[in-house]
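# Close look at the chain arrangement
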Amino acid sequence: VRKNLPYLIPFVLFALLVVAAAFAMIGGKSVPANRLADVPAFEIPGLSGSDIGQEAAIVNFFASWCGPCQGEHPLIKQLAEKYTVYGIDFMDKPEWREKYLTQLGNPYKKIGDDADGVAGAAWGVVGMPTTFIVQDGAIIWRIDGPVTDEIVKSQMLPLLEAK
Amino acid sequence: MMLRLLAVLLLLSMPASAAVQPGERMADPALEARAETLYMQLRCVVCQSQPIAHSDSEIAAALRAAVRERLLKGDSDAAILDYMRERYGDAVLMKPPMRTRTGLLWFMPLLALIMGGFIVARTLRGKPA
């Protein structure tokens, strides 16, 4: 058995690698209300970092050319009935945005026009839509991709209701 | 003949993909040069192994716009790379930094080689016994 010990070493190393990878994955994505980052400094027509107050609010990146954004729009409208929602229109044209919001309704307290995408980069956005919950100058939650009924209920509302 | 050769050479010298749009050129040539270097150092986060210089995706264009905005604000190249890393993680850098967390990944090949050599040596030496 002792003679076979060296042959085990690669397996042990592989197991270590798996454990390290698992740790990296767990560390990367956590849902609960931590401070993920500060609300970034940004300034685009219609909205800047200083517009976003201390109380809990939603920041929703959307674009008229983005199908899933249309899909989540009714939920964003529902959330806006009770909570503050800021919209950031990512790499869009004013006339397209106009048409989009006329057709679907405008749930946003304020809308930033991020025509060249600098605000998207400031928020670390990788795709449309992306939604954040901010509070006390910090990002406390984010989702890449559309929100769903289930996500609103199980993740967003608990954070928005908490004081 | 010479002309034809020249034409072919010119064609070959064109970049395979020219994602950076003409309208993105910065007025200051020094800043433009720095921007182009930075575009090559930043990975398009939604593409595979492609710098933002070579990608037509919206996100790559957004990151290029952000690079130009930071340059105009007077940020250093290192500060701009840091700005991106804070937001997108190490993976946004074409050359990710080595850290204790990723050390195992970096040294795995070397470790495997040493272990392999150890095993081979042992097997060979063990034969007579």
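Predicted model, so just to flag it, every value in this text is computed and none were measured. (Residues numbered from 1 in each chain as written. Chains lettered and ligands numbered in written order. Predicted model: local features only at pLDDT ≥ 70, side-chain atom pairs only at ≥ 80, totals over all residues. Heavy atoms only, no water.)

## A word on the pattern of salt bridges
Keep this limit in mind: By definition, a salt bridge exists where a carboxyl oxygen of Asp or Glu is found within 4 Å of a side-chain nitrogen of Lys or Arg. Numbered from the N terminus, helices here are DSSP runs of H or I no shorter than four residues, and strands are runs of E no shorter than two. For each residue, the accessible area found with a 1.4 Å probe, counting protein chains only, is set against the maximum for its type, and the residue is called buried under 20%, exposed over 50%, and partly exposed in between.
Scanning all chains against the criterion turns up 14 salt bridges over all chains. Residue Arg97 of chain A is joined to Asp113 of chain A by a salt bridge in which the shortest nitrogen-to-oxygen separation is 3.3 Å. Placement of Arg97 of chain A in helix α3 (residues 94-104) and of Asp113 of chain A in strand β6 (residues 110-114) is noted, with a sequence separation of 16 residues between them. Among the residues examined, Arg97 of chain A registers a relative accessible area of 14% and is labelled buried. One salt bridge in this structure joins Asp82 of chain B and Arg85 of chain B, with 3.3 Å as the shortest N-O distance. You can see Asp82 of chain B and its partner Arg85 of chain B sitting in helix α4 (residues 77-88), three residues apart, about one turn around the helix. Judged by relative accessible area, which is 37%, Asp82 of chain B ranks as partly exposed. Given a relative accessible area of 26%, Arg85 of chain B falls into the partly exposed group.

## What to know about the state of the cysteines
By definition, a disulfide links the sulfur atoms of two cysteines through a covalent bond. The condition is simple: A pair of sulfur atoms, both from cysteines and within 2.5 Å, is called a disulfide here.
Tallied over the entire structure, the rule returns two disulfides over all chains. The disulfide partner of Cys66 of chain A is Cys69 of chain A, and the S-S distance across this bridge is 2.1 Å. Between Cys66 of chain A and Cys69 of chain A the sulfur-sulfur dihedral comes to about 90 degrees; the bridge is accordingly right-handed. We note that Cys66 of chain A, like Cys69 of chain A, is buried. Bridging Cys44 of chain B to Cys47 of chain B, the disulfide has an S-S length of 2.0 Å. For the disulfide bridge between Cys44 of chain B and Cys47 of chain B, the dihedral angle about the S-S bond is near 55 degrees, and by the sign convention the bridge is right-handed.

## Considerations on the pairing of β6 of chain A
All names here are of chain A. Here is the rule we go by: Following DSSP output, two strands are said to pair if at least two bridges run between them. The handedness of a crossover follows from its direction of travel: if, with the strands pointing away from the viewer, the path from the first strand over the helix to the second runs clockwise, the crossover is right-handed.
With four of its five residues buried, β6 lies for the most part within the structure. Two elements, strand β5 (residues 85-90) and β6, share five bridges in a ladder whose sense is parallel. Each residue of the ladder has a partner; that of Gly87, found in β6, is Ile111. A crossover connection joins β5 to the parallel β6 through α3; in handedness this β-α-β unit is right-handed.

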